[in-house]
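Observations on chain architecture
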Protein chains: 2
Amino acid sequence: MKHLSLILIVFVMACSAKPEKAEELKSGPITLVIHGGAGTIRKANMTPEKEAAYHAALQQALDSGYAVLKRGGKSTDAVIAAIKILEDSPLFNAGKGAVFTNEEKNELDAAIMDGSNLMAGSVAGVTTIKNPITAAYAVMTKSEHVMMVGKGAEQFAQLNGIEIVDPSYFFDSARYKALLKAKQSEKDKAAMLYDPYTKDSKFGTVGAVALDQYGNLAAGTSTGGMTNKRFGRVGDAPIIGAGTYANNQTCAISATGWGEYFIRLNVAHDVAALKGYAGLTVQQAADSVVMKKLPALGGDGGIIALDRQGNFALTFCTEGMYRGYVNEKEGAKTFIYKD
Amino acid sequence: MKHLSLILIVFVMACSAKPEKAEELKSGPITLVIHGGAGTIRKANMTPEKEAAYHAALQQALDSGYAVLKRGGKSTDAVIAAIKILEDSPLFNAGKGAVFTNEEKNELDAAIMDGSNLMAGSVAGVTTIKNPITAAYAVMTKSEHVMMVGKGAEQFAQLNGIEIVDPSYFFDSARYKALLKAKQSEKDKAAMLYDPYTKDSKFGTVGAVALDQYGNLAAGTSTGGMTNKRFGRVGDAPIIGAGTYANNQTCAISATGWGEYFIRLNVAHDVAALKGYAGLTVQQAADSVVMKKLPALGGDGGIIALDRQGNFALTFCTEGMYRGYVNEKEGAKTFIYKD
């Protein structure tokens, strides 16, 4: 009798298992695309060791995220896995390697969006969260809100079991020296923005876009913002539609660059809108926004974009962008400079 | 000789005065459209006195903003003039009438955008700025940033001569009672969102869109957010592309509603994109986003939208929206319920 019940339960479970919808199976192969920031990245300023370290970190992020996709995981989980690796590396301006604010703090921003249901979460100005992308995911999945800032966001993260660290965890001597240099060259209010060194150093945002086997897109972005930033400045990374956006109907986008211009142009949503309403491909849409509109307004930076068929773009109008992608056809590839 | 020099200077000035471009003159008549929030606004719950008070406040806001446009002022200045009136009234959830957070504070958000150059400014989570819309304008015009939050934003505002008040200025006994009621009915985390009273009270955002005689559009939004809000929650009002957007190429939009849905749908930028890329009119674009996409996702609220030809929409999927418009052809009109 006991056995019969068990067989019956297994039978009922098997019958009620929802088959994949035909439409969902039409989507392209699992794909992960990442970036680690765009800017004036020159071969002349690099050492072979530094170059190798960047490639290795990007490769590790691709491996970590792709492993999630390969074992049938969700695109949101792949995005988180990839971004956590980049957040934990001191090489990128996110998490561990976040730049310093004018007040010599590290204030972190992150966002994530699920293209299957347009759910989104973001945090801004947090100083004690080890992996801000995980806090953004908690906001998306464990609250009715989309965006939380400052102490409130930290309190929410802590209540939801997100790993909290002492602010000293984010201390990095190279980043600290960059702040001192930025402050030194700051002759007036505008200097911090126009100084080439500072301008470069604000482009270290990291991000990922993924397509899983269920045909769902996701996008995530994480950053330490701008060296020497003041006044509770928030950039584009945690702004849904500016630095981060995902929609199965169009594409998933993560941006890196001069945040103010990305907000004013609604870069991420504009790329999606050009694909959805004007019929452009992801590459055409990315080119239109990043190579035309952005420089025309005086900004620069780059984006990664991925659609449901697995088409993707890695587009930047700066000298370089730390970036990479992985899919079954081409395997994993990482890049730093323009080809 | 002195007179000759003076005549010469005046002559040179007259000759160098830049004539209006032909394209600019093609734009429509000066127009101002405002809203004071959307929600379950029912005639049954109103008194004639309360109704008259709302109409009077909306009328005053229209008068104040339209006076700016009539004397040749800019659309950004008209937007600020109208919003300041609504912020100073206790009737609306912005400025003086802002709702209370869970911690019994008033945390205010505001944004402004100039459609002629895509400049934008916003503040979020400020507690001491009398008119947050003026602080957003200062961020836009006196900093290289777009968004500032919390104490940093307040510090920036104070440094730039924005009027600072003691947080007690925002105390309003009716709003405070609303918080107590919301807290009382809050049986679990989700209750604050699903309680009908609370749901209603989070829709009091105010906003304005304007078209000036130079053919330039502007949009602005200001809010106290959501009654009983926690964890540094930020809604759509200060998010460029979500609650506020302006672009001379398409239209100017200010939104009011359940902020999370407006962020996830990028409501303001989506309306502009539907006009710009899909060729819809402002009314069609507003209907598509507010009457279809928004309810389909489970959200509600409304928007005002205005294009460069003076075409405008006041669209909401709630029972009512405090709103009004003024132009030369029709004069000033104010409304509360559905027609």
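Remember, predicted model here, so these are calculated numbers, not experimental data. (Residues numbered from 1 in each chain as written. Chains lettered and ligands numbered in written order. Predicted model: local features only at pLDDT ≥ 70, side-chain atom pairs only at ≥ 80, totals over all residues. Heavy atoms only, no water.)

Let us now look at the overall build of chain A. Tallying secondary structure elements over chain A gives twelve helices and 13 strands in all. Evaluated residue by residue, chain A yields a buried proportion of 62% over its 339 residues. Once local pairs closer than 6 in sequence are excluded, the contacts in chain A between residues at least 24 apart make up 69%. A total of about 13200 Å² of accessible surface is found on chain A, and carbon and sulfur atoms cover 56% of it. (Helix = DSSP H or I, 4+ residues; strand = E, 2+ residues; numbered from the N terminus. Buried < 20%, exposed > 50% of the residue type's maximum accessible area, 1.4 Å probe, protein only. Contact = heavy atoms within 4.5 Å. Areas by Shrake-Rupley, 256 points an atom, 1.4 Å probe, with all protein chains shown as cover.)

A few words now on the nonpolar core. One recurring pattern in soluble globular proteins is that nonpolar side chains are buried together. Formed by 98 residues in total, the largest nonpolar core has its most connected members in Ile-253 and Ile-303 of chain A together with Ile-253 and Ile-303 of chain B. Those residues in contact with Ile-303 of chain A, other than ones at most four positions away along the chain, are Ile-253, Ser-254, Ala-255, Phe-262, Val-267, Val-271, Ala-286, Val-290, Ala-313, Leu-314, Thr-315 and Met-321 of chain A. Formed by 53 residues, the second largest nonpolar core is a distinct cluster that contains Ile-34, Ala-138, Val-165 and Ala-208 of chain A. (Core = buried A, V, L, I, M, F, W, Y, C linked by side-chain atoms within 4.5 Å.)

A word on the pattern of salt bridges. It is possible for side chains bearing opposite charge to pair when their charged atoms get close. All names here are of chain A. Enumeration over the complete set of coordinates arrives at 13 salt bridges over all chains. A salt bridge links Asp-270 to Lys-293, with the nearest nitrogen and oxygen atoms 2.6 Å apart. Here Asp-270 is found in helix α11 (residues 267-278), whereas its partner Lys-293 is found in helix α12 (residues 282-297), with 23 residues between them in sequence. Close ionic contact of Glu-330 with Lys-333 constitutes a salt bridge, the shortest N to O distance being 3.5 Å. Classification of Glu-330 as partly exposed rests on a relative accessible area of 37%. (Salt bridge = Lys/Arg side-chain N within 4 Å of Asp/Glu carboxyl O.)

Moving on to the environment of Leu-180 of chain A. Residues and elements named next belong to chain A. Note on placement: Leu-180 falls in helix α7 (residues 173-184). Residue classification places Leu-180 among the partly exposed residues on the basis of a relative accessible area of 37%. Remark: the alpha-carbon pair of Leu-180 and Lys-293, spanning 113 residues in sequence, is separated by 33 Å.

This part covers the side chain of Thr-101 of chain A. All names here are of chain A. Its location among the elements puts Thr-101 in the loop between α4 (75-88) and β2 (108-114). Residue classification places Thr-101 among the buried positions, given a relative accessible area of 3%. The contact partners of Thr-101, leaving out residues within four places of it in the chain, are Glu-107, Leu-179, Asn-228 and Lys-229.

With that out of the way, let us pick up the relation of the copies chain B and chain A. A rotation about an axis combined with a shift along that same axis relates the two copies of the chain. In screw terms, the move from chain B to chain A is a rotation of 180 degrees and a rise of 0.0 Å along the axis, fitting with an RMSD of 0.0 Å. Such a combination of turn and shift is consistent with a two-fold rotation axis. Taking C-alpha positions as reference, the residue of chain B nearest the rotation axis is Tyr-277 of chain B, located at 2.8 Å. (Least-squares fit on C-alpha atoms with pLDDT ≥ 70 in both.)

It is worth spelling out the interface of chain B and chain A at this point. Counting residues at the interface gives 44 residues for chain B, matched by 44 residues for chain A. The junction of chain B with chain A conceals about 3800 Å² of combined surface from both sides, 62% of it contributed by carbon and sulfur atoms. By the criterion of area lost to chain A, the three top residues of chain B are Phe-231, Arg-264 and Tyr-277 of chain B, representing 22% of everything that side buries. Put simply, chain B and chain A have zero salt bridges between them. (Buried area = accessible area lost by both parts, 1.4 Å probe.)

With that out of the way, let us pick up the sheet that holds strand β7 (residues 233-234) of chain B. Taking strand neighbours across the sheet as the criterion, the nine strands line up as β13(A)-β12(A)-β1(A)-β5(A)-β6(A)-β2(A)-β3(A)-β4(A)-β7(B) in an open arrangement whose pairing is mixed. The sheet is open, and its two borders are formed by β13 (331-337) of chain A together with β7 of chain B, each paired with just one other strand. Here strand β3 (residues 119-126) of chain A runs beside strand β4 (residues 147-149) of chain A; their pairing, made up of three bridges, is parallel. Along β4 of chain A, the bridge assignment pairs Val-123 of chain A with Met-148 of chain A. Most of the contacts of α4 of chain A go to strand β5 (residues 206-211) of chain A, to which it runs at about 155 degrees, and overall it touches β1 (31-39), β2, β5 and β6 (217-223) of chain A. Against the sheet, helix α6 (residues 150-159) of chain A touches β3 and β4 of chain A, its axis set at about 120 degrees to β3 of chain A. (Pairing = 2+ DSSP bridges. Axes fitted to C-alpha atoms, helices over the stretch in contact; angles between N-to-C directions.)

All names here are of chain A. As enumerated under the stated definition, the model contains 18 aromatic pairs over all chains in all. The interplanar angle of 85 degrees and the centroid separation of 6.1 Å between the aromatic rings of Phe-92 and Tyr-322 together place this pair among those described as edge-to-face. Of this pair, Phe-92 sits in the loop between α4 and β2 while Tyr-322 sits in strand β12 (residues 320-327), placing them 230 residues apart in sequence. Since its relative accessible area comes to 1%, Phe-92 is described here as buried. Judged by relative accessible area, which is 10%, Tyr-322 ranks as buried. An aromatic cluster of at least three residues, connected via ring pairs, comprises Tyr-54, Phe-92 and Tyr-322. (Phe/Tyr/Trp six-rings, centres within 6.5 Å; stacked < 30°, edge-to-face > 60°.)

Okay, the pairing of strand β1 (residues 31-39) of chain B next. Residues and elements named next belong to chain B. In terms of residue burial, β1 counts as a mostly covered element, since nine of its nine residues are buried. Pairing of β1 with strand β5 (residues 206-211) involves five bridges; the strand directions are antiparallel. Bridging from a neighbouring strand, Thr-31 pairs with Leu-211 of β5. Where β1 and strand β12 (residues 320-327) come together, seven bridges link them in antiparallel fashion. Bridge pairing in β12 links Gly-39 to Gly-320.

Let's shift gears to the pairing of β6 of chain A. All names here are of chain A. The element β6 is extensively covered by neighbouring structure, given that seven of its seven residues are classed as buried. Sheet topology note: the β2/β6 ladder contains six bridges and is antiparallel. Its bridge partner lying in β6, Ala-111 is registered against Thr-221. As judged from the six bridges shared by β5 and β6, these two strands associate in the antiparallel manner. In the strand pairing of β6, Val-206 is matched with Ser-222. Here β5 folds back onto β6 in antiparallel fashion, the turn holding five residues, of which Gly-215 has a positive phi close to 80 degrees.

Attention now moves to helix α3 (residues 48-70) of chain B. For the α-helix, the turn length of 3.6 residues means that residues three or four positions removed from each other point alike. Residue and element names in this part refer to chain B. If you check α3, its first and last C-alpha atoms are 32 Å apart, about what 23 residues at 1.5 Å a residue would give, namely 33 Å. Along α3, the residues that are buried comprise Glu-51, Tyr-54, Ala-57, Leu-58, Ala-61, Leu-62, Gly-65, Tyr-66, Val-68 and Leu-69. Residues of α3 that are buried sit in contact with β1, α4 (75-88), β5, β12 and β13 (331-337). Just past α3, the residue Gly-72 takes up positive phi, approximately 85 degrees. (Expected span 1.5 Å × (residues − 1).)

So, about the sheet that holds β1 of chain B. With mixed pairing, the nine strands of this open sheet are ordered in space as β7(A)-β4(B)-β3(B)-β2(B)-β6(B)-β5(B)-β1(B)-β12(B)-β13(B). Only two strands of the sheet have a single partner each, and these edge strands are β7 (233-234) of chain A together with β13 of chain B. Sitting on the sheet, α3 of chain B touches β1, β5, β12 and β13 of chain B, and the angle it makes with β13 of chain B is about 145 degrees. Here α4 of chain B sits on the sheet and contacts β1, β2 (108-114), β5 and β6 (217-223) of chain B; the angle it forms with β5 of chain B, its principal contact strand, is near 155 degrees.

The subject of this paragraph is unusual backbone geometry. Of note, the phi angle at Phe-231 of chain A is positive, near 60 degrees, even though the residue is not glycine. As for its placement among the helices and strands, Phe-231 of chain A is situated in the loop between β6 and β7. For Phe-231 of chain A, a relative accessible area of 13% translates into the label buried. The backbone of Glu-104 of chain B sits at a positive phi, close to 65 degrees, despite the residue not being glycine. Checked against the element boundaries, Glu-104 of chain B lands in the loop between α4 and β2. Judged by its relative accessible area of 34%, Glu-104 of chain B is partly exposed.

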